[in-house]
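Spelled out, the chains give:
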Amino acid sequence: MGFSCRRSGPIRVDTNPTPAYPPPIMKAGHTLLTALTRPLGAWMVIGCTMLLLGCEYVRPTMNAPLSHRDSASGYRSTTLPPSKTGSSDSPFIIASFSGGGARASALSDGVLQVLAQTPIIWEGHQKRLVDELNIINAVSDGSFTALSCALYGDHIFQDFETQFLRKDWESKLRCRIFPSPSNWLRLWSPYFGRAHIFAELLDEALFDGHTFGDLLARGQHPIINLHASDLASLSHIEFNQRRFNIICSDLSQLSLSVAAASTSTLPLLLSPISMKNYAGQCGFQPPARFLEERPTAWGRQRARELRSYLDAKNHPYIHPLNGGLSDNIGMRGVLETTALFGDLESTFQMLGAKNIPKLVYLMARAETAPDITQYRLNDIPGLIRES
Amino acid sequence: MIDIPINHYSTDTLQLMNHAVQQWRLQLRQRPDHLPNMFTPDADIYRINAGLTEMTDPEEEARLMNIATNLALTNEEVDHLLQADSRLLRDNLEFQRPVRDLAHDATTTSTTSDTH
């Protein structure tokens with residue numbers, strides 16, 4: 001959450017409580033003139049004005065509305081060919097790329113390399129395991145690798161290391177913020193945070209303005225399901241058109257860098273990137289599974305969470321936080337979706353799959369196992385723990 | 001080292017995933033033949049846990065655990081992670097099983113088609 005600009009105004013130019021006269025505007029003009037004659041005062045007034053303007057004008061809307069919901073279009077499994085080689089009855093691999101900093105990005109890159117180096121023969125055709133990778137559920141820093149894989153295909157193996165893994169993103173972010181008065185101004189807005197600037201950095205270095213629409217246009221698997229956590233409930237948010245239909249938003253227009261940054265935000269470190277809820281504007285009718293009683297407690301909870309987005313009046317904005325806060329592995333989406341649909345067959349029917357001979361769940365986990373017997377921190381505990 | 005403790009429930013997710021895969025395997029075996037289904041009659045489900053905490057060499061695991069979860073790796077750390085990742089998956093028995101089964105299916109299919 002941001003902070004109020006008015007509450008945070010750094011100076012009060014006139015502390016005299018009396019007079020109704022001169023009128024406020026004249027008084028402000030007088031104060032301005034007086035202040036301009038004093039360099040320090042002038043800078044304080046200018047600074048205050050800039051901060052006020054920042055609050056008013058830096059309010060980006062990152063996700064676009066969807067004019068008409070169409071179940072046959074948008075970024076989702078059923079709008080892509082069944083596998084990279086076009087075969088519908090071949091092994092079906094669902095991977096998850098965990099969060100865990102750049103080490104997670106490196107681990108998932110290494111996993112993709114092994115899949116690309118593992119040949120298989122299916123129905124007489126030489127293939128690679130990576131060609132059968134249908135879905136990647138990605139969380140936080142795993143999302144950078146997953147999106148690069150979907151966007152660049154095999155080129156990821158040449159470029160990802162130099163363009164992402166071997167860069168110091170923390171220094172880059174600091175250098176983008178601290179020496180830049182324009183970014184100070186933008187960051188003063190309660191609607192703009194460091195994650196927006198991080199998204200800009202990612203866009204310049206990795207995603208080059210590409211959107212989910214570009215992934216759709218490539219027409220190749222794997223499909224990437226990014227997972228974030230909703231600030232309101234810590235339930236998970238999936239970035240695919242099936243889920244964006246609920247909020248009547250067009251995922252195709254969302255930039256990959258904004259989506260990736262959204263899944264990586266953490267309170268205090270990277271503030272959330274707000275998404276607007278346009279529910280009710282695209283003709284989306286909630287399916288029966290949202291409204292009917294589900295057989296499991298998990299299914300009922302998921303249905304309740306999804307129903308909450310249908311009321312845009314009372315839930316006008318969504319604030320995605322780091323996906324790791326709800327599930328750092330990236331497989332809870334698989335479990336919850338299956339619980340919501342009721343069984344495995346119905347879930348894969350929804351995904352448009354058929355004749356699957358081998359279903360593989362591959363979890364790439366870069367998490368740490370900190371030695372909690374060596375916890376010596378004496379400061380007030382926060383989200384960042386130093387040991 | 002800076003660590004952000006957000007993976008507390010990962011063990012739960014792993015357990016739930018293990019349990020679910022066992023259940024789904026059972027569902028596949030018990031499904032009625034006459035209903036349309038998304039899986040072949042002999043379909044199988046595999047679960048591969050490729051986690052850095054699964055390294056078999058304790059020293060190697062300790063070195064990997066000391067790499068911070070930040071966004072600024074050294075070149076040495078990147079090299080180390082990429083080498084470890086490759087071994088982690090190749091040496092993983094859960095990964096070897098579907099690869100072996102796919103190779104077996106390819107041999108069987110090839111033999112069958114040769115005899116026809």
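Look a little higher up for the structure.
Residues numbered from 1 in each chain as written. Chains lettered and ligands numbered in written order. Predicted model: local features only at pLDDT ≥ 70, side-chain atom pairs only at ≥ 80, totals over all residues. Heavy atoms only, no water.

**Student:** With reference to specific residues and values, describe the pairing of strand S3 (residues 119-122) of chain A.
**Tutor:** Residue and element names in this part refer to chain A. The side-chain alternation of S3 yields one buried face, formed by Ile120 and Trp122, and one unburied face, formed by Pro119 and Ile121. Note that S3 and strand S4 (residues 125-128) share four bridges and pair antiparallel. By the bridge assignment for S4, Pro119 is matched with Arg128. Hairpin remark: S3 followed by S4, antiparallel, with two residues in the connecting loop; positive phi at Glu123, about 50°. (Buried < 20%, exposed > 50% of the residue type's maximum accessible area, 1.4 Å probe, protein only. Helix = DSSP H or I, 4+ residues; strand = E, 2+ residues; numbered from the N terminus. Pairing = 2+ DSSP bridges.)

**Student:** Outline helix H3 (residues 75-90) of chain B, listing residues and values.
**Tutor:** In an α-helix, one full turn covers 3.6 residues, which means residues spaced three or four apart are oriented alike. When the terminal C-alpha atoms of H3 of chain B are compared, their 23 Å separation across 16 residues agrees well with the 22 Å that a helix rising 1.5 Å per residue should span. Of all the residues in H3 of chain B, the buried ones are Val78, His80, Leu81, Leu82, Ala84, Asp85, Leu88 and Leu89 of chain B. (Expected span 1.5 Å × (residues − 1).)

**Student:** Any chance you could break down the packing of helix H3 (residues 102-116) of chain A against helix H5 (residues 156-165) of chain A for me, citing the residues and the numbers?
**Tutor:** Each pair of packed helices gets described by two things: the angle between the helix axes and the distance between those axes. Residues and elements named next belong to chain A. The interhelical angle for the contact between H3 and H5, taken along N-to-C directions, is 170°, at an axis separation of 11 Å. Considered as vectors, H3 and H5 are oriented roughly antiparallel to each other. Taken together, the residues of H5 that come into contact with H3 (itself represented by Ala102, Ser105, Ala106, Asp109, Leu112, Gln113 and Ala116) are Ile156, Phe157, Phe160, Glu161, Phe164 and Leu165. For the contact of H3 with H5, the residue count by class is nine nonpolar, two polar and two charged. (Axes fitted to C-alpha atoms, helices over the stretch in contact; angles between N-to-C directions. Parallel < 35°, antiparallel > 145°, perpendicular 65-115°, else oblique. Contact = heavy atoms within 4.5 Å. Nonpolar A, V, L, I, M, F, W, Y, C, P; charged D, E, K, R; others polar.)

**Student:** Lay out the side chain of Ser189 of chain A with the relevant residues and their values.
**Tutor:** Residues and elements named next belong to chain A. On the secondary structure map, Ser189 appears in the loop between helix H7 (181-188) and helix H8 (194-207). Take Ser189: its relative accessible area is 3%, and that puts it in the buried class. A distance of 3.0 Å separates a polar atom in the side chain of Ser189 from the backbone nitrogen of Tyr191. (Polar contact = N/O pair within 3.5 Å; in protein donor to acceptor, adjacent residues only side chain to side chain.)

**Student:** Outline the interface of chain B and chain A, supporting the account with residue identities and numerical values.
**Tutor:** Often, the extent of an interface is quoted as the loss of accessible area upon association of its parts. Taken residue by residue, the interface counts 64 residues in chain B and 72 residues in chain A. Summing the contributions of chain B and of chain A, the shared interface buries around 5900 Å²; its carbon and sulfur component is 64%. For the pair chain B and chain A, the interface holds three salt bridges. Put simply, Arg166 of chain A and Asp79 of chain B hold a salt bridge, and the shortest N to O gap is 2.5 Å. Going through the elements one at a time, strand S1 (2-3), helix H1 (10-30), strand S2 (39-51), helix H2 (58-65), H3 and helix H4 (93-115) of chain B are the ones with two or more residues in the side of chain B that touches chain A. Here the side of chain B that touches chain A is built from residues that sort into 39 nonpolar, 13 polar and twelve charged. Bridge count between strand S12 (residues 356-365) of chain A and S2 of chain B: nine bridges; the pairing is parallel. Within S2 of chain B, the residue paired with Ala364 of chain A across the bridge is Ala50 of chain B. (Buried area = accessible area lost by both parts, 1.4 Å probe. Salt bridge = Lys/Arg side-chain N within 4 Å of Asp/Glu carboxyl O.)

**Student:** Quick rundown of the nonpolar core? Include the residues and the values.
**Tutor:** One recurring pattern in soluble globular proteins is that nonpolar side chains are buried together. Within the largest apolar cluster, 127 residues are counted, with the highest numbers of intra-cluster contacts made by Phe212, Phe239, Phe348, Leu359 and Tyr361 of chain A together with Trp24 of chain B. Here this core spans two domains, and each of domain 1 (1-41) and domain 2 (46-116) of chain B adds at least three residues to it. Aside from chain neighbours lying at most four places away, what touches Phe239 of chain A is Phe212, Ile224, Asn225, Leu226, Ala228, Phe244, Leu251, Leu254, Ala259, Ser262, Thr263 and Met275 of chain A. (Core = buried A, V, L, I, M, F, W, Y, C linked by side-chain atoms within 4.5 Å. Domains from an automatic or database assignment.)

**Student:** Lay out the pattern of salt bridges with the relevant residues and their values.
**Tutor:** Tallying each qualifying case throughout the model produces 18 salt bridges over all chains. Between Arg31 of chain B and Glu345 of chain A there is a salt bridge whose closest N-O contact spans 3.7 Å. Here the residue Arg31 of chain B occupies a position in the loop between H1 and S2, and Glu345 of chain A occupies one in helix H15 (residues 344-350), the pair thus bridging two chains. Judged by its relative accessible area of 12%, Arg31 of chain B falls in the buried class.

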